[in-house]
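# Overview (structure and organization)
One-letter residues, chain by chain:
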Amino acid sequence: MKLFYFPGACSMSVHIALNEIGATYELEKVDMMTKELESGGSYLEINPKGYVPCLQLDNGEYLTEVGAILQYLADTNPSAKLLPAVGDQQRYRVVEFISYISGELHKNFAPLFNPEIADEARSATLEIIGKRLDLLNDQLGDGGPFLTGEQFTIADAYLTTVLGWAQFVDMDLSPWPNLGAYAGAAMSRPAVIATLKEEGLM
Ligand SMILES: N[C@@H](CCC(=O)N[C@@H](CS)C(=O)NCC(=O)O)C(=O)O
């Protein structure tokens, strides 16, 4: 498999999952501005969507969208226990979190990466993200150490990645102490450490 990625971007959730399952894979960095591949050539020819992640499967096909790729990796590597099996009620809790992280957190973080964002818009965006984090903080207070309990899942690979963006956009996570403890637990996993090193972030 080959992962088309950008350091620290949402593609990092897929990278974490690849390391959690112990997969053999290659990495190809994408220049987000020019859409050029590190090895040369246009990323748009591989993925016309232009954004990361994209995973080239062993059969040559390309799969895009974080939620789809994460579920593919979890389902094809069940022994890693990154997603409960079909029919297990807990599976839908993990999928529920993936939708929440994608629609309610990931996309709300995006405007904060715009250096031109107006102060008012930044404050409004931080307020929305804060509300979304309140829910996760409460959820973790009732359980943990991971989103659905003892087992680290693909939803945790995704949330760990998105929470990492707080430092890039100068957002203080201290009002959500359970999330701080959660991020600490996730960041100490060998697969996460390996991912951060491979992306040049550690
Ligand atoms: N719907 C996509 C969103 C992916 C996405 O937002 N990727 C960002 C990085 S986190 C990106 O590549 N942005 C650059 C661009 O859109 O040109 C998914 O779930 O995979």
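The model shown is predicted, which means the values in this text are computed figures rather than measured ones. (Residues numbered from 1 in each chain as written. Predicted model: local features only at pLDDT ≥ 70, side-chain atom pairs only at ≥ 80, totals over all residues. Heavy atoms only, no water.)

## Description of the packing of aromatic side chains
When we look at a pair of aromatic rings, we describe it by the centre distance and by the angle of the planes. Counting across every chain of the model gives six aromatic pairs. For the ring pair Phe109 and Trp165, a centre distance of 5.8 Å and an interplane angle of 80 degrees mean the geometry is edge-to-face. Here Phe109 is found in helix H3 (residues 89-109), whereas its partner Trp165 is found in helix H6 (residues 165-168), with 56 residues between them in sequence. Trp165 carries the same exposure label as Phe109, and that label is buried. (Phe/Tyr/Trp six-rings, centres within 6.5 Å; stacked < 30°, edge-to-face > 60°. Helix = DSSP H or I, 4+ residues; strand = E, 2+ residues; numbered from the N terminus. Buried < 20%, exposed > 50% of the residue type's maximum accessible area, 1.4 Å probe, protein only.)

## Section: the nonpolar core
Counting residues in each nonpolar core, the largest one holds 53 residues, and the members touching the most others are Leu73, Phe109, Leu133, Leu136, Leu147 and Leu159. In this view, Leu147 contacts Phe97, Ile101, Leu136, Gln139, Leu140, Ala155, Asp156, Leu159 and Tyr182; residues no more than four positions away in its chain are not counted. By size, the runner-up hydrophobic cluster in this structure holds eight residues, among which are Phe4, Val30, Leu37 and Val52. (Core = buried A, V, L, I, M, F, W, Y, C linked by side-chain atoms within 4.5 Å. Contact = heavy atoms within 4.5 Å.)

## Thoughts on the layout of surface pockets
When its volume is computed, the largest pocket comes out at roughly 620 Å³. Considering the residues around the largest pocket, the lining is formed by 21 residues, among which Ala9, Cys10, His106, Lys107 and Trp165 are closest to the centre. When residues of the lining of the largest pocket are traced back to their parent elements, those giving at least two are helix H2 (66-76), H3 and H6. Counting residues per element, the lining of the largest pocket draws most heavily on H3, which supplies four residues. In terms of residue class, the lining of the largest pocket is built from 15 nonpolar, four polar and two charged. (1 Å grid on protein atoms, 1.4 Å probe; cavity = no way out; pocket = protein on both sides within 12 Å on 5 of 7 lines; lining within 4 Å. Points joined across faces, edges and corners; volume = space filled by probe spheres on them. Nonpolar A, V, L, I, M, F, W, Y, C, P; charged D, E, K, R; others polar.)

## Observations concerning a nonpolar patch on the surface
The grouping of Phe113, Phe168 and Leu201 at the surface amounts to a nonpolar patch, some 270 Å² of accessible area in total. If you trace the backbone, Leu201 turns up in the segment after helix H8 (190-198). Judged by relative accessible area, Leu201 falls into the partly exposed class, the value being 36%. (Patch = residues over 30% accessible without salt bridge, like charges linked within 9 Å, V, L, I, M, F, W, Y side chains within 5 Å. Areas by Shrake-Rupley, 256 points an atom, 1.4 Å probe, with all protein chains shown as cover. Salt bridge = Lys/Arg side-chain N within 4 Å of Asp/Glu carboxyl O.)

## A short note on the site of the ligand
Taken together, the neighbourhood of the ligand is formed by Ala9, Cys10, Met32, Lys35, Tyr51, Val52, Pro53, Glu65, Val66, His106 and Lys107. Val52 places a main-chain nitrogen or oxygen 2.9 Å from a nitrogen atom of the ligand. In the complex, 73% of the free accessible area of the ligand, which totals 510 Å², lies under the protein chains. If you map the ligand onto the pockets, it falls in the largest pocket. When grouped by side-chain class, the residues that make up the shell around the ligand number seven nonpolar, one polar and three charged. (Near = heavy atom within 4 Å. Polar contact = N/O pair within 3.5 Å; in protein donor to acceptor, adjacent residues only side chain to side chain. Sits in = over half its atoms within 2 Å of the grid points.)

## Here we look at the pairing of strand S1 (residues 2-5)
Side chains Lys2 and Phe4 of S1 all project onto a buried face; the interleaved residues Leu3 and Tyr5 project onto the opposite face, where all are buried too. In this sheet, strand S2 (residues 26-29) lies alongside S1 in parallel orientation, the contact comprising four bridges. Within S2, the position partnered with Phe4 by the bridge is Glu28. (Pairing = 2+ DSSP bridges.)

## Regarding the domain arrangement of the protein
Accessible area lost upon the coming together of the parts serves often as the stated size of an interface. The domains assigned to the protein are domain 1 (2-80 + 191-198) and domain 2 (89-189). On a C-alpha basis, the centres of domain 1 and domain 2 stand 20 Å from each other. Contact with domain 1, which involves 18 residues of that partner, is made by 17 residues of domain 2. Across the domain 1/domain 2 interface, buried area totals approximately 1,400 Å², and carbon plus sulfur atoms make up 67% of it. If you look at where domain 1 meets domain 2, you find two salt bridges. The salt bridge partner of Glu20 is Arg189, with a shortest N-O separation of 2.8 Å. (Domains from an automatic or database assignment. Buried area = accessible area lost by both parts, 1.4 Å probe.)

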